[in-house]
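Secondary and tertiary structure notes
One-letter residues, chain by chain:
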Amino acid sequence: MELRHLRYFIAVAEELHFGRAAQVLGISQPPLSQQIQALEQELGTRLFDRTNRRVELSEAGRLFLDEARLVLAQVDKAADVARRVRLGELGELNIGFTTSAPFTSSIPQAIFAFRQRFPAVHLALQEMNSMEVAAQLEDESIQVGIMRPLALPESLVVVELLREPLVAIINAGHPLAQGSEQGLHLSELANEPFVFFPRTYGSGLYAQMMDLARAAGFTPLITQEAGEVMTIIGLVAAGLGVTVLPASYRRMRIDGVVYRTLLDPDATSAVWLVQRKDQQSPMARAFVELVTRRTEDK
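Residues numbered from 1 in each chain as written. Predicted model: local features only at pLDDT ≥ 70, side-chain atom pairs only at ≥ 80, totals over all residues. Heavy atoms only, no water.

With that out of the way, let us pick up the nonpolar core. Counting residues in each nonpolar core, the largest one holds 38 residues, and the members touching the most others are Leu189 and Leu245. The set of elements that each furnish at least two residues to this core consists of strand E6 (156-171), strand E7 (193-196), helix H7 (204-215), helix H8 (229-237), strand E9 (243-246) and strand E10 (257-261). By residue number, the principal contributor to this core is H7, which donates six residues. Among residues more than four places away in sequence, those in contact with Leu189 are Ala168, Ile170, Leu176, Leu184, Phe194, Phe218, Val242 and Val244. Ile95, Ala286, Phe287 and Leu290 belong to the second-largest nonpolar core, a separate cluster that totals 25 residues. (Core = buried A, V, L, I, M, F, W, Y, C linked by side-chain atoms within 4.5 Å. Buried < 20%, exposed > 50% of the residue type's maximum accessible area, 1.4 Å probe, protein only. Helix = DSSP H or I, 4+ residues; strand = E, 2+ residues; numbered from the N terminus. Contact = heavy atoms within 4.5 Å.)

See the structure below:
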C-alpha cells in the first residue's frame, strides 16, 4: 500500500464517482479503477458498493476513510515539520552566553524578538565563561555563543555586536571616589589592590585588563579572586580593593560602590556573537541574522 492509494481512495470516496475523481486527481479513469481494485484486494474487502448507476462506500469503506484521512493528515504534518526545521522555524537552539551578556539591553531584546518570531523554536540558554563558550562551539554542544573577546580557533567566526566602555568600580568611601565623576585613568589605580577573576576562570576580561594595565605602566596586584561578578563588586563594597568591569554592570545597584569611566583610549570591551564557520543549523543562522540586525539598529 502506498500513499497514492490512500489519496485515490479518498478522492473517490468524496466524489462517489470514478470519472469526477479521476479529473480531480488529474489521471484517467481506468488506472484509477485499477488502483482501487488493487487496494481492495490487498485489504481483502470491498471499499465501495458499485452499480451501473452509483458508487457508495461500503461499511468497511466508511471506517477506512476516517483512518486514511488521519494518515494523510499526519504525513502532511510530518512534511510541514521537516520544512519548518529546514527554514529554522522549529526545533531547539543551544546558546552559550557569558554572565555579562544579559546586562547589555540590546541582547535580551534581540532574544525576545527571536522568541516572538519563532515561537516553536526552544531556546536552550546556558550561562558559561568565554573559554567554555569557545570550547562548546568547537565540539558543537552549542550552536551560537555570546562572549567577550578571547583568542579563538580558526573554526569559529565572530561578529562584533557592540562595544562598551570599561569602568573602574571603587568603594564609595575611597579617596579616588571623590572628584572623579568625569572618569579617571587606569594608572590612578596602580597602587590599589584589585579584586578580579582568576586567570584560570576563562574570562576574556582578564587578558584585556592586564593589557590595559601594562600599557598604563603597571601590573595589577590581585589580592582577592572571585568567579562571580556580584561577589567581585560585593568585595569592593567591603573595601577589599578595586576592580574594572564593562559599563553595563552599572545596572547592578549595589550600595557602597561608585562607577567611574576609564579615560584610557582602549578602555572598551566588545561583545561577540560567535558561531562555527561550517554552521549547518538554519535556526542558528536565523538567530545570528536577527540579533546582528537588531544590535546594528541600536
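To continue, consider the environment of His122. Here His122 is to be found in strand E4 (residues 121-127). The class for His122 is partly exposed, based on a relative accessible area of 44%. The sequence separation of His122 and Asn94 amounts to 28 residues, and the corresponding C-alpha distance is 8.5 Å. When residues no more than four places from it in sequence are discounted, the contact partners of His122 are Gly91, Glu92 and Leu93.

Before going further, it helps to spend a moment on the pattern of salt bridges. In the structure shown here, the tally under the stated rule is twelve salt bridges. Between Arg4 and Glu2 there is a salt bridge, and its shortest N-O distance comes to 2.7 Å. With a relative accessible area of 42%, Glu2 lands in the partly exposed category. Salt-bridge contacts for Arg276 lead to Asp278; the nearest nitrogen and oxygen are separated by 2.9 Å. By relative accessible area, Arg276 is classed as buried at 16%. (Salt bridge = Lys/Arg side-chain N within 4 Å of Asp/Glu carboxyl O.)

Attention shifts here to the packing of helix H1 (residues 3-15) against helix H2 (residues 18-25). Axis separation between H1 and H2 bottoms out at 8 Å; the angle between their running directions is 130°. Here H1 lies oblique to H2, going by the angle between them. In the packing of H1 onto H2, the handedness of the crossing is right-handed. Together, Arg7, Tyr8, Ala11, Val12 and Glu15 of H1 and Phe18, Arg20, Ala21, Val24 and Leu25 of H2 make up the contact between the two elements. Class assignment for the residues of the contact of H1 with H2 results in seven nonpolar, no polar and three charged. (Axes fitted to C-alpha atoms, helices over the stretch in contact; angles between N-to-C directions. Parallel < 35°, antiparallel > 145°, perpendicular 65-115°, else oblique. Left-handed = near helix turned anticlockwise from the far one by under 90°. Nonpolar A, V, L, I, M, F, W, Y, C, P; charged D, E, K, R; others polar.)

The description of two aromatic rings rests on the distance between their centres and on the angle between their planes. Tallied over the entire structure, the rule returns nine aromatic pairs. When the centroid spacing of 5.4 Å and the interplanar angle of 50° are considered together, the rings of Phe9 and Phe48 count as tilted. Residue Phe9 is found in helix H1, and its partner Phe48 is found in strand E1 (residues 48-50); the two are separated by 39 residues along the sequence. In this structure, Phe9 and Phe48 share a single accessibility class: buried. Taken together, a centroid distance of 5.2 Å and an interplanar angle of 10° make the contact between Phe197 and Tyr201 stacked. Note on Phe197: relative accessible area 4%, which makes it buried. The class of Tyr201 is partly exposed, set by a relative accessible area of 23%. (Phe/Tyr/Trp six-rings, centres within 6.5 Å; stacked < 30°, edge-to-face > 60°.)

Examined against the element boundaries, Thr223 turns out to sit in strand E8 (residues 221-225). For Thr223, a relative accessible area of 40% gives the class partly exposed. Taking the C-alpha atoms as reference points, Thr223 and Phe194, 29 residues apart in sequence, are found 5.9 Å from one another. Ignoring anything within four residues of it in the chain, the contact list for Thr223 reads Pro193, Phe194 and Leu240.

Let us look at the pairing of strand E3 (residues 91-97). E3 sits mainly inside the fold: five of its seven residues count as buried. Alignment of E3 against E4, held across seven bridges, turns out to be parallel. Residue pairing across strands places Asn94 opposite Ala124, the latter belonging to E4. (Pairing = 2+ DSSP bridges.)

Turning to helix H3 (residues 29-43), a few remarks are in order. For H3, spanning 15 residues, the distance from its first C-alpha to its last is 21 Å, which sits close to the expected 21 Å at 1.5 Å a residue. If you check which residues of H3 are buried, you get Leu32, Ile36, Leu39 and Glu40. Buried residues of H3 fall within an arc of 100° about the axis and therefore sit on the same side. Those residues of H3 that are exposed and aimed more than 90 degrees away from the buried face are Gln34 and Gln41. A positive backbone phi angle near 75° is found at Gly44, which sits one or two residues after H3. (Expected span 1.5 Å × (residues − 1). Arc of directions from axis to C-beta.)

Take it as geometry only, folks, not as evidence of what the structure does.
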